[in-house]
Amino acid sequence: MHVFAPTPYLRLSVLAGAMLLTACGGGSDPAPAPLSFKTLANVQPLVIGHRGASGHLPEHTLESYSRAIEMGADFVEPDLVATKDGVLIARHEPNITSTTNVAALAQFASRKTTRKVDGVDETGWFASDFTLAEIKTLGALITDAERPQQFNGLYKIPTLQEIVDLVKARRAATGRDIGIYPETKHPTFHRQLGLGLEDRLIAALNAAGWNSRTAPVLVQSFEPGSLKEMRGKGLATRMIQLIDGDDYDLKTGRITYAAPFDRPYDWAVSGDTRLFSAMVTPAGLAEIKTYADGIGPWKPYIVPVKGALDAAGNLRDVNGDGKANYNDASSQPATTLIDDAHKAGLFVHAYTFRNEQRRLAFDYNKDPKAEYLQFYRLGLDGLFSDFPDTAIEARGSYLKELGR
Ligand SMILES: [Ca+2]
């Protein structure tokens, strides 16, 4: 039944509304009233191009951000780290070994070193040991073997300034309200190197004329101290507290916590023993509201994922591929987090949505759009996607459901 109509109950209710208007003499052919969004601002959910369109092109390149904008993303998301000469560039990690071709370049072989990042030893090449001029000789790599490899090494590492310039040019050319969503990455790590990210980001946004509440800028961090510092130093943009976890326990459906993903690293340094989970309690949300405007939780804080167990208590291989893993787990009833955050006056932008089959729970039936729709229907205010094209296609389906 209703194979042509994915949400028959919604369509019926719209139809009933239209009939009622007609019966009341509301005029000829009144347009049915669209259903309301459940988002905090009663607007459609935002699609944020996570590291650009990183499912398609090497992440954090101007080409990746451009592709996301072409696909219709509302925001592009640069993660920020600092070079040796103090320039903000877009990389997901201070350690640039996996996202660039640096390991293959003989002239930089001696730069290989071991550094402690958030308490964990990492060996490789670090952005903070390279000047911007040196960084500009590197080529970016795509980090997922399942994604297109033919662009590896072709694109440069962009500076924050180049990203601002790109977005401004695209705003002017398209008339669209495209924004940037910069993240201070490992703020404590950078501060300890004397390369604090906060002053540099504020200076860049001041120079761009984008240090205001209405600027097309959302600033995010996992470390509350970074956001609080920027607020204290006059950053006026909207800000987002990211909320992480280490892994899923598919047997219980619970998020697990292990260092360094158990708590913000500035909490670890200051001796605050709370976990990230403290942030999603009413008290935690109220605390975030004192310095930020929204939260950016990992997806399972909103929709937990849980597997079925066999008689021996082991995870069942539900899809019959011989392995028992995430693909055998199914999404569970949503938590109250979106409603709780909205009650606290905070919007909710969840991460990260990806298309690959190995990243989809069993009950999405291998269709990434099913996951997007589930979250849109809950009133999520925005989401980070490696595939903005799929996110926007699913948003189109959602808008149709609402009669928009
Ligand atoms: Ca399986």
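Parameters and conventions
- Residues numbered from 1 in each chain as written.
- Predicted model: local features only at pLDDT ≥ 70, side-chain atom pairs only at ≥ 80, totals over all residues.
- Heavy atoms only, no water.
- Helix = DSSP H or I, 4+ residues; strand = E, 2+ residues; numbered from the N terminus.
- Rg over C-alpha atoms; globule rule 2.2 N^0.38 Å.
- Buried < 20%, exposed > 50% of the residue type's maximum accessible area, 1.4 Å probe, protein only.
- Contact = heavy atoms within 4.5 Å.
- Areas by Shrake-Rupley, 256 points an atom, 1.4 Å probe, with all protein chains shown as cover.
- Lys, Arg positive; Asp, Glu negative; His and termini not counted.
- Charge placed at Lys NZ, Arg CZ, Asp CG, Glu CD.
- Arc of directions from axis to C-beta.
- Donors = N, O, S within 2.8 Å, 3.2 Å for Na, K, Ca; no water.
- Tetrahedral: all angles 85-135°; square planar, octahedral: opposite > 155°, others 65-115°.
- Domains from an automatic or database assignment.
- Buried area = accessible area lost by both parts, 1.4 Å probe.
- Salt bridge = Lys/Arg side-chain N within 4 Å of Asp/Glu carboxyl O.
- Polar contact = N/O pair within 3.5 Å; in protein donor to acceptor, adjacent residues only side chain to side chain.
- Nonpolar A, V, L, I, M, F, W, Y, C, P; charged D, E, K, R; others polar.
- Core = buried A, V, L, I, M, F, W, Y, C linked by side-chain atoms within 4.5 Å.

(A) Quick peek at the overall build of the chain. Each helix and strand counted, the chain has twelve helices and 17 strands in total. Over its C-alpha trace the chain gives a radius of gyration of 22 Å, about what one expects of a compact globule, namely 22 Å for 404 residues. Dimensions of the chain, computed from the C-alpha atoms along their principal axes, are close to 75 × 60 × 45 Å. Counting over 404 residues, the chain shows a buried share of 50%. Taking as baseline every contact in the chain between residues at least 6 positions apart, the subset at least 24 positions apart corresponds to 68%. Surface exposure of the chain reaches about 17,300 Å², of which carbon and sulfur atoms provide 55%. Counting 44 positive and 48 negative side-chain charges, the chain places the averaged centre of each group 2 Å from the other.

(B) Structural view of helix α9 (residues 282-289). Looking at α9, one finds that the buried residues are Gly284, Leu285 and Ile288. One face of α9 carries all of its buried residues, which in axial projection span an arc of 100 degrees. Relative to its buried face, α9 has exposed residues pointing more than 90 degrees away, namely Pro282 and Ala283. In this fold, the buried residues of α9 make contact with β10 (238-243), β13 (294-297) and α10 (337-343).

(C) Spatial organisation of the coordination of the calcium ion. At this site the calcium ion is bound by Asp317 (OD), Asn319 (OD1), Asp321 (OD), Lys323 (O), Asp328 (OD) and Asp328 (OD), with donor distances of 2.1 to 2.5 Å. With six donor atoms in place around the calcium ion and angles of 53 to 154 degrees between them, the coordination shape is irregular. Within one chain, the residues serving as donors to the calcium ion are arranged as D-x1-N-x1-D-x1-K-x4-D.

(D) Focus on the domain arrangement of the chain. Domain boundaries assigned for the chain yield domain 1 (8-37) and domain 2 (42-94 + 154-401). Put simply, the middle of domain 1 and the middle of domain 2, counted by C-alpha atoms, are 37 Å apart. In this assembly, four residues from domain 1 lie in contact with seven residues from domain 2. Between domain 1 and domain 2, a total of about 470 Å² is buried, with carbon and sulfur atoms accounting for 60% of that surface. At the surface where domain 1 touches domain 2, the tally comes to zero salt bridges. Summed over the shared surface of domain 1 and domain 2, the number is one residue pair in polar contact (both at pLDDT 80 or more). Residue composition of the side of domain 1 that touches domain 2, grouped by class: three nonpolar, one polar and no charged.

(E) Seen up close, the environment of Ala73. Tracing the backbone shows Ala73 in the loop between α2 (62-71) and β2 (75-77). Ala73 sits in the buried class, given a relative accessible area of 0%. Between the alpha carbons of Ala73 and Ile178 there is a distance of 7.5 Å; along the sequence they are 105 residues apart. When sequence neighbours within four positions are dropped, the list of residues in contact with Ala73 reads Val47, Gly49, Ala68, Arg176, Ile178, Pro388 and Ile392.

(F) Molecular detail of the environment of Gln241. Checked against the element boundaries, Gln241 lands in strand β10. Setting aside its immediate chain neighbours within four residues, Gln241 contacts Ser221, Phe222, Glu223, Pro224, Leu227, Met279, Ile288, Tyr291, Ala292, Gly294, Ile295 and Gly296.

(G) Summary view of the nonpolar core. One finds Ile180, Trp210, Val219, Ile295 and Ile302 to be the most contacted residues of the largest nonpolar core, which totals 85 residues. Here the element with the most residues in this core is helix α6 (residues 197-208); it accounts for six residues. If sequence neighbours within four positions are ignored, Val219 has contacts with Pro182, Leu201, Leu205, Leu227, Met230, Leu235, Thr237, Arg238, Met239 and Ile240.

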